[in-house]
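Listed below, chain by chain, are the residues.
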Amino acid sequence: MIQPDIAIIGAGVAGLYAAYCCGIAGLNCAIIDSFTFPGGQCSALYPEKTVYGVPGFHNVSASYFIDKLAAQCLAFDHTELFGHRVESVDILGDGVFDVQVRNIRQGDNLRIHAKTLIIAAGICDMKPNIPRTIDGLAEIDSSSDFIQSCRITADVYKGKDIVIAGGGNSAADFAIDIIPIAKSVTLVHRRNELTCDSSKLKQLAAANEAGKLRLVLQSSIAKLVETEHTRSVFVKNAACNEICLNADHIVFCYGFVVQCSSLSWISNLNIDIRNGLISTDVNTMESSVRNCYAIGDIVMYAGKNKNIVSCCFEADRAVRMIKSKV
């Protein structure tokens with residue numbers, strides 16, 4: 001049981017900045033996100049994309065911005081529950097929000113009791129797009145790190161054999177970034193040409209010619225095998241021939257399966273939802289449910305503008321209102 005002042009669901013820009021506002025207001029919070037890293041869409045969908053319109057930043061990548069934002073916002077003594085999925089939210093008799101979450105990899109359940117709830121869950125539930133036709137997926141233990149995300153973490157990929165599945169910009173960006181730190185990098189793509197930008201094609205071609213990258217084209221991932229001592233990726237080419245690649249990690253860069261949030265995990269709250277978004281009062285950011293606030297892309301109100309600055313404005317306004325009630 002965790003009993004923070006505020007439970008924040010979502011660790012994107014809005015959720016992170018709400019945690020910062022809680023810290024400077026002297027409130028403690030638990031911040032929850034199904035991703036194992038902070039940043040939401042910025043980190044998961046377009047980490048290398050340049051972000052604009054952020055005060056004090058010019059021509060910076062989304063990942064760089066999130067790294068700086070997370071360092072600022074998570075500097076307080078908050079409870080960070082990354083890699084945890086919200087299972088249900090109920091309101092107890094005394095008005096306390098009962099939030100039940102599950103550790104995605106370990107399967108452990110955890111209960112959070114908080115007098116105030118901030119929903120910063122974005123507009124969708126994003127999951128890595130991994131084809132279910134690949135043999136061996138079901139046999140891989142949920143706690144295994146065999147399958148990884150396309151996020152640069154030197155501690156994870158340094159000195160390791162990495163297989164990347166995909167041929168678009170995200171696969172190319174990831175390959176270019178980890179070539180200097182990985183032991184070996186193999187890029188598997190189902191077409192005979194990569195589909196990334198031409199500038200990235202040149203970098204990958206140079207790495208391939210220098211022996212720093214192995215390109216396996218017109219091929220697809222057919223099977224994954226993990227034993228106590230080995231990890232293998234079986235690739236099938238256009239001629240139906242199968243080759244085996246030894247790999248410490250495989251990274252799927254097939255994008256994400258995006259499911260517009262139905263907010264089923266808070267259905268018990270009877271919250272006012274319009275067109276899949278939570279209706280709030282822009283003066284307070286409070287929803288139709290008392291002490292339940294909503295911020296970020298999941299919110300709608302007159303004049304709403306979806307950008308990073310708006311996320312921070314909404315987070316600040318919500319926490320100020322919460323603090324005024326304490």
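Residues numbered from 1 in each chain as written. Predicted model: local features only at pLDDT ≥ 70, side-chain atom pairs only at ≥ 80, totals over all residues. Heavy atoms only, no water.

A.B. asks: Any details on the sheet that holds strand E5 (residues 79–82)? Residues and values, ideally.
C.D. replies: If you trace the 5 strands from one edge of the open sheet to the other, you get E5-E2-E1-E9-E22, paired in parallel fashion. Pairing within the sheet leaves two strands with one partner each, and these edge strands are E5 and strand E22 (292–294). On average, each strand axis in the sheet is tilted by 15° relative to the strand beside it, whichever way the strands run. Examined bridge by bridge, strand E9 (residues 116–119) and E22 share 3 bridges and lie parallel to one another. Pairing of Leu117 across the sheet is with Cys292, part of E22. Against the sheet, helix H7 (residues 308–325) engages strand E1 (6–9), E9 and E22, with an angle of about 160° to E22. (Pairing = 2+ DSSP bridges. Helix = DSSP H or I, 4+ residues; strand = E, 2+ residues; numbered from the N terminus. Axes fitted to C-alpha atoms, helices over the stretch in contact; angles between N-to-C directions. Contact = heavy atoms within 4.5 Å.)

A.B. asks: If you had to explain the environment of Asn268 to someone new, which residues and values would you point to?
C.D. replies: In this structure, Asn268 sits in the loop between strand E19 (256–260) and strand E20 (273–274). By relative accessible area, Asn268 is classed as partly exposed at 49%. Sequence separation between Asn268 and Val233 is 35 residues, and the spatial gap between their C-alpha atoms is 43 Å. When neighbours within four sequence positions are excluded, Asn268 is seen to be in contact with Val89 and Asp90. Here Asp90 takes part through its side chain, which lies 2.5 Å from a polar atom of the side chain of Asn268. (Buried < 20%, exposed > 50% of the residue type's maximum accessible area, 1.4 Å probe, protein only. Polar contact = N/O pair within 3.5 Å; in protein donor to acceptor, adjacent residues only side chain to side chain.)

A.B. asks: Outline the nonpolar core, supporting the account with residue identities and numerical values.
C.D. replies: Formed by 65 residues in total, the largest nonpolar core has its most connected members in Val89, Leu117 and Ile119. Per-element tally for this core: the top contributor is helix H1 (residues 13–24), with 8 residues. Dropping the residues within four chain positions of it, Ile119 is found in contact with Ile9, Trp265, Ile266, Ile271, Ile278, Cys292, Tyr293, Ala294, Ile295 and Ile298. In this structure, Tyr157, Ala175, Ala182 and Cys196 belong to the second largest nonpolar core, which totals 19 residues. (Core = buried A, V, L, I, M, F, W, Y, C linked by side-chain atoms within 4.5 Å.)

A.B. asks: Can you break down the state of the cysteines residue by residue, with the values?
C.D. replies: Using the criterion set out here, one finds 0 disulfides in the structure. The thiol of Cys311 is not disulfide-bonded; the next cysteine sulfur, from Cys312, is found 6.6 Å away. The exposure class of Cys311 is buried, given its relative accessible area of 9%. The class for Cys312 is buried, based on a relative accessible area of 18%. (Disulfide = S-S within 2.5 Å.)

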